Amino acid sequence: MIVCVAVVGHQNNPLYIQSFTEADDALKLHHIVHCSLDVVDERVNNPKKYGPTLNEPFLGLLYPTENYKVYGYLTNTKVKFIVVTTGLDVRDADVRNFFRRFHAAYVDAVSNPFHVPGKKITSRTFAERVSTIVKSFGLSSAG
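Description of the structure in this document. None of these values were measured; they are calculated from a predicted model.

## Structural notes on the environment of His-10
Take His-10: it is sitting in the loop between β1 (2-8) and β2 (14-19). For His-10, a relative accessible area of 53% translates into the label exposed. Along the primary structure His-10 and Lys-80 are separated by 70 residues, whereas in three dimensions their C-alpha atoms are 7.2 Å apart. If we ignore the near neighbours within four places in the chain, the residues touching His-10 are Thr-77, Lys-78 and Lys-80.

Okay, structure coming up:
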C-alpha cells in the first residue's frame, strides 16, 4: 500500500507531496522522502558503483526502513518521483507501472499553460489522478 508520493524538483525543492495516512505520520513521511533524496543523488553521481541502471528512469528500491520501503524514479529533466510503501510483498513490476502512470499525470499537469515551471503543483486534477493511481496500486500489472 502506498502511504506517500512526492515530486521533487531538480534543485531538491518539493513540488508535490501527498500523504495517504493519518496526519500524525505525515511529518515522518516527509522526512523519509527528504532523506531519500541523498540516496538518489548518490546513485546519480556514482554511476560506476550502481551500474548501467542510470539509463533507466526507475531507480528501484532506494532504501527500506523498519515499516516502509522507499522507491525512486528520475526523469530526463532531473525531477525526482519518490513513493513510500508499506508491506513486504511489493513487486517491482507494480512500482514500475505506478511510476509510469504517475509520470504521465505529472507531464499532463506541467503541460498546463498556466503552470509555472519549478513551482508547486496545485492542480486539483493532478491530485485526483494521483489518488486514483494510488488506489489502483498493486491491483494489476496492466496499465
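## Points about helix α4 (residues 124-135)
Structurally, the α-helix is built with 3.6 residues per turn, so residues lying three or four positions apart point the same way. Between the first and last C-alpha of α4 there are 17 Å, a value that for 12 residues agrees with the 16 Å anticipated at 1.5 Å per step. Of all the positions in α4, only Phe-126, Val-130, Ile-133 and Val-134 are classed as buried. Viewed along the axis of α4, the buried residues span an arc of 100 degrees, placing them on a single side of the element. With respect to the buried face of α4, the exposed residues turned more than 90 degrees away are Arg-124, Thr-125, Glu-128 and Lys-135. On the buried face of α4, the contacting elements are β1, β2 and α3 (92-110). With a side-chain oxygen positioned 3.3 Å from the backbone nitrogen of Thr-125, the residue opening α4 is Ser-123.

## Focus on the packing of aromatic side chains
Following the criterion strictly, the structure yields 10 aromatic pairs and no others. With centroids separated by 5.2 Å and ring planes inclined at 25 degrees, the aromatic side chains of Tyr-73 and Phe-99 adopt a geometry described as stacked. Of this pair, Tyr-73 sits in strand β4 (residues 69-74) while Phe-99 sits in helix α3, and the two are 26 residues apart along the sequence. Summarising the burial analysis for this pair, Tyr-73 and Phe-99 share the class buried. With a centroid separation of 5.4 Å and 15 degrees between ring planes, the pair formed by Phe-98 and Phe-102 is classed as stacked. Placement of both Phe-98 and Phe-102 in helix α3 is noted, with a separation of 4 residues, approximately one turn of the helix. Using a relative accessible area of 3% as the deciding quantity, one classes Phe-98 as buried. Taken together, Tyr-16, Phe-58, Tyr-73, Phe-81, Phe-98, Phe-99, Phe-102, Tyr-106, Phe-126 and Phe-137 form an aromatic cluster joined through their ring pairs.

Rules used in this analysis
Residues numbered from 1 in each chain as written. Predicted model: local features only at pLDDT ≥ 70, side-chain atom pairs only at ≥ 80, totals over all residues. Heavy atoms only, no water. Helix = DSSP H or I, 4+ residues; strand = E, 2+ residues; numbered from the N terminus. Buried < 20%, exposed > 50% of the residue type's maximum accessible area, 1.4 Å probe, protein only. Contact = heavy atoms within 4.5 Å. Expected span 1.5 Å × (residues − 1). Arc of directions from axis to C-beta. Polar contact = N/O pair within 3.5 Å; in protein donor to acceptor, adjacent residues only side chain to side chain. Phe/Tyr/Trp six-rings, centres within 6.5 Å; stacked < 30°, edge-to-face > 60°.

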